[in-house]
Amino acid sequence: MTILPNSEQMRQIDQCAINEFKIPGIVLMENAGAGTVVLMERLLGSLEGLLFPIFIGPGNNGGDGLVIARHLHQRKAVPLLMFLVEPGRLKGDSAANLAIVEKLGLTSLICTNSKTLKNMSGTIEQMSLKHGPPAALIDSIFGTGLDRDIDGHFFEAIELINNLSSARNIPVIAVDTPSGLSSNNGEILGCCIRAWTTATYGYPKLGQALPSSRTLVGELQVIDIAIPPEVRERVPVDIAAIDHHELSAVRTCLQRPQDSHKGNFGHLSILGGSAGKTGAALLAARGAIRSGCGLVTIFTPAGLNTIYESALAEAMTMVVESDDYLSIDDRDLIIENLADKNCVVIGPGLGQENETVELVLDLYHHLATPMVIDADALNSMARSKKHLSVPPGPRIFTPHPGEMARLLNSTTAEVQRDRLAALRTCFKQFKTPGSELIIVLKGSATLTTDGTIVWLNRTGNPSMAAGGMGDVLSGLIGSLICQGMSPLDAARYGVYLHGCSGDRLQKQVGVGFSASELADELSPLLADVRDGRR
């Protein structure tokens, strides 16, 4: 599990390592700086003779930069120290590293106001005449503890670095985090470095993992600074990333004995579709079939059956008496035919007729079978929030931001402004004692929670912003439950695999692939996962 600490949690992790495990802070700083230079060698090749302006700020981030300077010097590179604070103001471990660097006689410039900043570009130009243009600009101005807007000469220095990088195509390597990026929420604190690569220490930070931060963070590289794994047990962090290192559960699920038959891989029921919206149920079915579900049955109103029969040969149908939409009048037949099913997906294209809403609520309260609740079924829940009680089985909500807004009686803009808060509020409002609830807030960096951990997904891309993608996801989650995964694993890994499928298609075709194509890409993706190629 890759935890994503915020600024305060990372401070506690550092302090725990220092105070409880007796690892001196200067050792962590040494590991950070040395690890960054090793990363630079991997990215840039031999560093000998190359020029590296290093921008030194106050605090430990500046100290990290001084360690980097020393290790570059040892590799016969040319570090150029740009102090944005009076060196004498550095304290603690940073001051200790300053004392070492001063003995080495490295070239330095002190730029602590707007006037002296004007000398910065000229000094870099002069050094470039002798050593060639900078191989990279090293940002060690502010670290993950920054909690205020940047202003004054620090603001001007960051603008200068960004402009120099852009004008001369010089990469910027950020030390721990791009200066000016909030580690808590990815917001820009006044201004922000635009990094080519960020060498972050110990763990990726929450603010770095959010989609809005990607153009600022660049390629995120995590440097192991030897924080003991036991620290994680003492400093609780309740947000984690879903990544490929955790796919062993998926791999196990996908293994099939030679004597397998369709009954071994579950039977999924899909309650969705209404006049004009049959495509949503079909896409959910397609997502389930293409991800390996043994059997799929679509419960359909009588008037729509011919559409399903002709559109997807692999899916079975269960025809009810209602003509255009599923109704509470169909309840007994539906309950009877759900008895042997492993999971129910309810909602895609279902409609919001009063009789349909009544059916949704009845099934929610009476089915012990795991239910993936999506689309119109979520809207039914929002309409009937006051009437909900304890469900007898696991429930997985999969709202997009608009549906989440309706569940919370809020607005889409408010949900998007703080997605974590919206997710947690929704869980608190709909969780009932003794029940299993999982909520998946879809969108860029989809969030999944069971009330203990929030899982942040880092797969997927803007080309997936098209109709039907969420329907495929609901079918995929249902399919993984049918194949033996727990509801939580099915939800979080389903989200991850759904995004991976979209990423593969984006590489192949760019913008314009359909939800059907994404569903079809699941089969080759899962083959790669099963065989360890991903």
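Just above, that's the structure.
Keep in mind it's a predicted model, so treat the numbers as computed, not measured.

Draft legend 1. Seen up close, the overall build of the chain. Summing up its helical and strand segments, the chain has 21 helices and 18 strands in all. Across its three principal directions, the C-alpha atoms of the chain cover 85 × 45 × 40 Å. For the chain, the proportion of contacts with a sequence separation of at least 24, taken over those separated by at least 6, is 73%. Entry remark: accessible area of the chain is about 21500 Å², with carbon and sulfur atoms responsible for 49%.

Draft legend 2. Spotlight on the side chain of serine 384. Here serine 384 is to be found in the loop between helix 15 (375-383) and strand 15 (395-397). When neighbours within four sequence positions are excluded, serine 384 is seen to be in contact with Val357 and Leu361.

Draft legend 3. Here's a closer look at the packing of helix 14 (residues 354-366) against helix 15. Axis separation between helix 14 and helix 15 bottoms out at 9 Å; the angle between their running directions is 85°. Considering their axes alone, helix 14 and helix 15 lie roughly perpendicular with respect to each other. Listed contacts from helix 15 to Asn354, Val357, Val360, Leu361 and Tyr364 of helix 14 are Ala377, Ser380, Met381 and Arg383. Along the lines of polarity and charge, the residues of the contact of helix 14 with helix 15 split into six nonpolar, two polar and one charged.

Draft legend 4. Representation of the sheet that holds strand 13 (residues 343-346) within the structure. The sheet built from 11 strands is open, its strands ordered 1-9-18-17-16-15-14-13-10-11-12 with mixed pairing. With partners counted over all chains shown, the strands left at the sheet margins are strand 1 (2-3) and strand 12 (316-320), one partner each. As judged from the five bridges shared by strand 11 (residues 295-301) and strand 12, these two strands associate in the parallel manner. Paired with threonine 300 across the bridge in strand 12 is valine 319. Most of the contacts of helix 15 go to strand 14 (residues 371-373), to which it runs at about 80°, and overall it touches strand 13, strand 14 and strand 15. Of the strands in this sheet, strand 9 (239-242), strand 15, strand 16 (437-441), strand 17 (447-449) and strand 18 (454-457) are in contact with helix 18 (residues 419-430), which crosses strand 16 at around 155°.

Draft legend 5. Quick look at the environment of glycine 468. Within the secondary structure layout, glycine 468 lies in the loop between strand 18 and helix 19 (469-482). Sequence separation between glycine 468 and leucine 282 is 186 residues, and the spatial gap between their C-alpha atoms is 9.6 Å. Excluding its chain neighbours within four sequence positions, the residues that come into contact with glycine 468 are Leu283 and Ala515.

Draft legend 6. Summary view of the environment of aspartate 332. Along the chain, aspartate 332 turns up in helix 13 (residues 331-338). Remark: the alpha-carbon pair of aspartate 332 and glutamine 506, spanning 174 residues in sequence, is separated by 44 Å.

Draft legend 7. The packing of aromatic side chains, seen in detail. Counted by the stated rule, this structure contains two aromatic pairs. Look at phenylalanine 397 and phenylalanine 430: their rings are 5.4 Å apart centre to centre, the planes differ by 70°, and that puts the pair in the edge-to-face class. Of the two residues, phenylalanine 397 is situated in strand 15 and phenylalanine 430 in helix 18; the sequence distance between them amounts to 33 residues. You'll find phenylalanine 397 and phenylalanine 430 in the same group, each marked buried. The ring of tyrosine 364 carries the charged tip of arginine 395 above its face, separated from the ring centre by 5.4 Å. Above the plane of the ring of tryptophan 455 lies arginine 492, whose end atom (NZ or CZ) is 4.0 Å from the centre.

Draft legend 8. Inspection of the pattern of salt bridges at higher detail. Summed over all chains, the structure comprises 20 salt bridges. We note a salt bridge from arginine 492 to aspartate 489, for which the minimum N-O separation is 3.1 Å. Of the two residues, arginine 492 and aspartate 489 both sit in helix 20 (residues 487-509), three residues apart, roughly one turn of that helix. Exposure class is identical for arginine 492 and aspartate 489. Each is buried. A salt bridge links arginine 533 to aspartate 528, with the nearest nitrogen and oxygen atoms 2.7 Å apart. Its relative accessible area of 17% is what places aspartate 528 among the buried residues. One network of salt bridges, in which partners are shared, links Arg504, Glu521, Asp528, Arg530, Asp531 and Arg533.

Draft legend 9. Structural view of the packing of helix 3 (residues 59-74) against helix 4 (residues 92-104). Relative orientation of the contacting elements helix 3 and helix 4 amounts to 30°, with a least axis distance of 9 Å. With respect to their mutual orientation, helix 3 and helix 4 come out roughly parallel. In this structure, helix 3 crosses over helix 4, and the sense of that crossing is left-handed. Residues Gly59, Asn60, Gly63, Leu66, Val67, Arg70 and His73 of helix 3 lie in contact with helix 4, whose contacting residues are Ser94, Asn97, Leu98, Ile100, Val101 and Leu104. Looking at the contact of helix 3 with helix 4 residue by residue, the class counts come to six nonpolar, six polar and one charged.

Draft legend 10. Focus on unusual backbone geometry. Positive phi, close to 65°, is recorded for lysine 76, a residue that is not glycine. By the element assignment, lysine 76 lies in the loop between helix 3 and strand 3 (78-83). Positive phi is not limited to glycine here, since alanine 375 has a value of about 50°. By the secondary structure assignment, alanine 375 is in helix 15.

Draft legend 11. Representation of the nonpolar core within the structure. Judged by nonpolar contacts, the single largest core of 56 residues is most densely connected at Val250, Leu268, Ile270, Ile298, Ile396 and Leu497. It is helix 20 that contributes the most residues to this core, nine residues altogether. Among residues more than four places away in sequence, those in contact with leucine 497 are Val250, Leu476, Leu480, Leu522, Leu525, Leu526 and Val529.

Draft legend 12. Examining the sheet that holds strand 6 (residues 172-175) more closely. Pairing within the open sheet is parallel, and its seven strands lie in the order 4-3-2-5-6-7-8. Both outer strands of the open sheet, strand 4 (108-110) and strand 8 (219-223), are each paired with one neighbouring strand and no more. Averaged over all pairs of adjacent strands, the angle between their axes in this sheet comes to 20°, without regard to strand direction. As defined by bridge partners, strand 2 (residues 51-56) adjoins strand 5 (residues 137-140) across three bridges and the pair is classed as parallel. Bridge pairing links isoleucine 54 to isoleucine 138 in strand 5. Helix 2 (residues 25-44) rests against strand 2, strand 5, strand 6, strand 7 (197-201) and strand 8 of the sheet, and its axis sits at about 135° to strand 8.

The rules behind each value
Residues numbered from 1 in each chain as written. Predicted model: local features only at pLDDT ≥ 70, side-chain atom pairs only at ≥ 80, totals over all residues. Heavy atoms only, no water. Helix = DSSP H or I, 4+ residues; strand = E, 2+ residues; numbered from the N terminus. Contact = heavy atoms within 4.5 Å. Areas by Shrake-Rupley, 256 points an atom, 1.4 Å probe, with all protein chains shown as cover. Axes fitted to C-alpha atoms, helices over the stretch in contact; angles between N-to-C directions. Parallel < 35°, antiparallel > 145°, perpendicular 65-115°, else oblique. Nonpolar A, V, L, I, M, F, W, Y, C, P; charged D, E, K, R; others polar. Pairing = 2+ DSSP bridges. Phe/Tyr/Trp six-rings, centres within 6.5 Å; stacked < 30°, edge-to-face > 60°. Buried < 20%, exposed > 50% of the residue type's maximum accessible area, 1.4 Å probe, protein only. Lys NZ or Arg CZ within 6 Å of the ring centre and 35° of its normal. Salt bridge = Lys/Arg side-chain N within 4 Å of Asp/Glu carboxyl O. Left-handed = near helix turned anticlockwise from the far one by under 90°. Core = buried A, V, L, I, M, F, W, Y, C linked by side-chain atoms within 4.5 Å.

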